[in-house]
Amino acid sequence: MQLAPSRTFPSVQEGDDPFLALWPHRYDYLWAEHPHPDERPDWQTESRHPLSDRLLQQGTALYGVRFGPTTRYCVLDVDKSSAYHPTRDRFAWRRLVEALEVLGLVQAVVCTSSYSGGLHLYLPFDTEQKTWAIALAVSTLLENKGFKLAPGQLEVFPNCKAYVTSGEPSLYNGHRLPMQAGSYLLNQDLQMIWGNQETFVQHWQFAQQRNSLDTKALDRILKAARRRQFHVTGKADKFLNDLNAEIEQGWTGPGQTNRLLGRIAMRSYIFGHVLYTDKPLEGNALVHDIVTIAQALPGYHDWCQHQHEVEKRAQDWMLAIEQSHYFHYGTDKRPAELSPDNPDESETSWNQQQQAEARDRIQQVVADLLEKEALPAGITERFDALIPYGLSGATLYRHRDLWHPRYLQNATMGALQSAAEPDCSWTASGSNSHTNLLSQSGCNTLPEVSSSPLESLESWAIGCNSTPIGSLSQPETRNMTQAEGIAYIKQVLNQVKARRQVEIAQKRQRLAGQDQLSLPFNEARE
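Residues numbered from 1 in each chain as written. Predicted model: local features only at pLDDT ≥ 70, side-chain atom pairs only at ≥ 80, totals over all residues. Heavy atoms only, no water.

Chemist: What is the right way to look at the overall build of the protein chain in this model?
Modeler: The helix and strand tally for the protein chain stands at 18 helices and 10 strands. A buried classification covers 43% of the 526 residues belonging to the protein chain. Of the contacts made within the protein chain by residues no fewer than 6 positions apart, 70% connect residues no fewer than 24 positions apart. Accessible surface, the protein chain as shown: approximately 29500 Å² in total, 50% of it carbon and sulfur. (Helix = DSSP H or I, 4+ residues; strand = E, 2+ residues; numbered from the N terminus. Buried < 20%, exposed > 50% of the residue type's maximum accessible area, 1.4 Å probe, protein only. Contact = heavy atoms within 4.5 Å. Areas by Shrake-Rupley, 256 points an atom, 1.4 Å probe, with all protein chains shown as cover.)

Chemist: It is not clear to me how the nonpolar core should be interpreted in this structure. Could you clarify?
Modeler: What tends to happen in soluble globular proteins is that the nonpolar side chains get buried as a cluster. One finds Trp23, Leu76, Tyr122, Val138, Leu142 and Phe200 to be the most contacted residues of the largest nonpolar core, which totals 60 residues. If you tally residues by element for this core, the top one is helix 3 (residues 131-144), at 8 residues. Not counting residues within four places of it along the chain, the set of residues in contact with Leu76 comprises Leu96, Leu100, Leu119, His120, Leu121, Leu123, Val138, Leu142, Leu154, Glu155 and Val156. Judged by nonpolar contacts, the second largest core, of 32 residues, contains Val291, Leu297, Ala314 and Leu319. (Core = buried A, V, L, I, M, F, W, Y, C linked by side-chain atoms within 4.5 Å.)

Chemist: Sorry, what's going on with unusual backbone geometry here?
Modeler: As a rule of thumb, non-glycine residues mostly have phi less than zero, and peptide bonds are mostly trans rather than cis. Of the consecutive residues Phe157 and Pro158, the connecting peptide bond is found in the cis state with omega at 5°. Mapped onto the elements, Pro158 comes out in the loop between strand 7 (154-157) and strand 8 (175-176). Of note in the backbone geometry, Asp28 takes a positive phi value of approximately 50° without being a glycine. At Leu190, a residue that is not glycine, the phi angle is positive and equals roughly 60°. Inspection of the secondary structure puts Leu190 in the loop between strand 9 (185-186) and strand 10 (192-193).

Chemist: Even after reading the chapter, I still don't get the pairing of strand 6 (residues 119-130), so can you show me in this structure?
Modeler: Residues in a regular strand point their side chains to alternate faces of the sheet. With 8 bridges connecting them, strand 4 (residues 70-78) and strand 6 associate as antiparallel partners. Among the inter-strand pairings, Leu76 is bridged to a residue of strand 6, identified as Leu121. Relative to strand 6, strand 5 (residues 109-112) is paired through 4 bridges, and the arrangement is antiparallel. Looking at strand 6, one finds that Val109 is bridged to Tyr122. Between strand 5 and the antiparallel strand that follows it, strand 6, lie 6 residues; Gly117 among them carries a positive phi value of about 95°. (Pairing = 2+ DSSP bridges.)

Chemist: Got a minute to help me understand the packing of helix 7 (residues 257-275) against helix 10 (residues 310-322) in this structure?
Modeler: Where helix 7 contacts helix 10, the two axes come as close as 9 Å, and the packing angle between them is 50°. Comparing their axes, helix 10 and helix 7 come out oblique. Note on packing geometry: the crossing formed by helix 7 with helix 10 is right-handed. On helix 10, the residues that touch Asn258, Leu261, Gly262, Ala265, Met266 and Tyr269 of helix 7 are Val310, Arg313, Ala314, Trp317, Ile321 and Glu322. (Axes fitted to C-alpha atoms, helices over the stretch in contact; angles between N-to-C directions. Parallel < 35°, antiparallel > 145°, perpendicular 65-115°, else oblique. Left-handed = near helix turned anticlockwise from the far one by under 90°.)

Chemist: Is there a simple way to think about the environment of Tyr73 in this case?
Modeler: Structurally, Tyr73 is set in strand 4. On the basis of relative accessibility, which here comes to 5%, the residue Tyr73 falls in the buried class. Beyond its immediate stretch of four places on either side in the chain, Tyr73 contacts Leu22, Trp23, Val65, Phe67, Tyr122, Leu123, Pro124, Phe125, Pro158, His175 and Trp204. In terms of polar contacts, Tyr73 uses its side chain to reach the side chain of His175, at 2.8 Å. (Polar contact = N/O pair within 3.5 Å; in protein donor to acceptor, adjacent residues only side chain to side chain.)

Chemist: What exactly am I supposed to notice about the sheet that holds strand 2 (residues 44-46) here?
Modeler: Across a sheet, strands are paired by hydrogen bonds formed along the backbone, either parallel or antiparallel in direction. With antiparallel pairing, 4 strands are arranged side by side in an open sheet as 2-1-3-8. At either margin of the open sheet sits one strand with a lone partner, and together these are strand 2 and strand 8. Bridging between strand 3 (residues 62-65) and strand 8 involves 2 bridges; their strand directions are antiparallel. The partner of Gly64 across the bridge, within strand 8, is Arg176.

Structure representation (structure tokens):
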């Protein structure tokens with residue numbers, strides 16, 4: 001018998017109960033049997049089903065809840081033995097609320113947590129916010145005022161939790177729900193007042209009306225806190241500031257789209273989780289972030305000439321940055337199971353294979369256009385002529401030494417010079433260009449004597465910086481015209497193409513009798 005797909009069976013909701021509506025996230029809830037008055041509850045987590053309204057109404061056990069991705073409140077927990085408890089510091093709880101005034105939180109609902117005499121300060125606010133942002137902002141403000149966050153002293157709900165690079169994501173800490181056994185409302189003098197769940201809701205709504213959360217202050221606090229949390233100092237801080245300086249001015253004229261999208265992609269990929277997200281940005285989330293930031297920049301609607309394809313261009317930059325040597329700040333790009341002492345050689349060989357295949361495709365396209373005498377002279381025109389061959393914009397920018405007019409012009413002039421002394425100055429300047437998102441490590445200069453003119457020129461043709469030495473004699477280069485130089489380049493490119501095809505065929509023969517290898521990484525996409 002084939003089982004039907006699993007479904008979520010929701011519990012019965014008591015829609016007319018405003019107290020229950022205050023706690024919308026019911027998954028992975030806490031529960032404990034009612035303990036003796038002098039004992040602590042034995043809290044357990046229930047992950048098999050959410051906490052139902054009717055279980056809460058029955059009250060056969062103690063219950064607590066955790067936080068979902070968004071929240072409309074936070075809680076401060078002061079234990080009975082804490083240095084901040086009223087029995088040791090009468091005004092500490094007021095200083096706690098005062099520390100949060102910069103966020104617009106000025107009114108707390110204060111109650112005892114249980115028979116132990118600890119305090120819970122509930123601070124509801126008017127607009128739904130990201131849970132991680134509230135956790136970080138509230139914790140930062142309290143620590144800035146000298147409060148020490150630690151179990152048994154002072155705890156914040158929701159709590160700040162570390163980003164998990166592998167395995168199951170961690171849960172926010174859960175807090176005990178108010179108005180259960182031993183929980184009573186307190187007035188401003190911390191005197192117990194009689195009340196029930198309905199009274200608690202009235203106090204909650206009054207505080208919520210007064211607590212108008214300042215989102216601008218929240219963003220400002222998060223920006224400073226995230227830098228401190230990830231220890232963004234020194235070179236990384238300068239790097240981030242340089243990216244901000246290039247991005248925040250936006251568009252000031254035409255021809256700036258690729259440069260700006262590249263810088264946005266770099267900042268979002270490397271520092272996004274430091275600045276404004278709860279985890280590093282990758283894939284579609286990174287593309288969405290690039291597009292959102294770009295569209296909000298000054299001058300986008302006036303000067304960006306690629307608004308109709310901005311998402312596609314953002315996707316190209318996403319692929320480029322994810323396949324580069326850059327990684328998320330504060331994390332190690334290498335998978336956790338690998339170590340520097342035992343590197344995974346298959347990662348390097350696979351990436352090198354992808355790079356070689358991409359460069360081979362570009363060489364074949366350039367040779368084809370040269371053969372047809374259809375290779376445009378202008379940069380934009382040449383770029384547009386290469387795109388229809390199935391090459392992405394990111395791939396062309398990464399390997400621009402194979403098609404960019406300036407690069408090929410310098411290479412041709414180098415072949416026509418009477419002296420064969422290498423000159424790499426144009427390559428060095430190109431790598432420092434502001435439009436270069438992904439810096440490339442230059443090839444080593446070729447030896448003074450190559451084994452053959454073909455091998456020397458092949459190394460040059462696949463992107464090395466130096467003009468081949470010894471491949472052409474001085475009389476040959478001195479007598480060669482520019483047209484002959486271009487013809488010679490086409491000949492070399494065709495020879496490279498033929499040799500590459502032979503190498504691929506030989507490799508396929510070697511692998512024909514072997515079992516298929518399982519790669520530790522997903523296939524890279526160009």
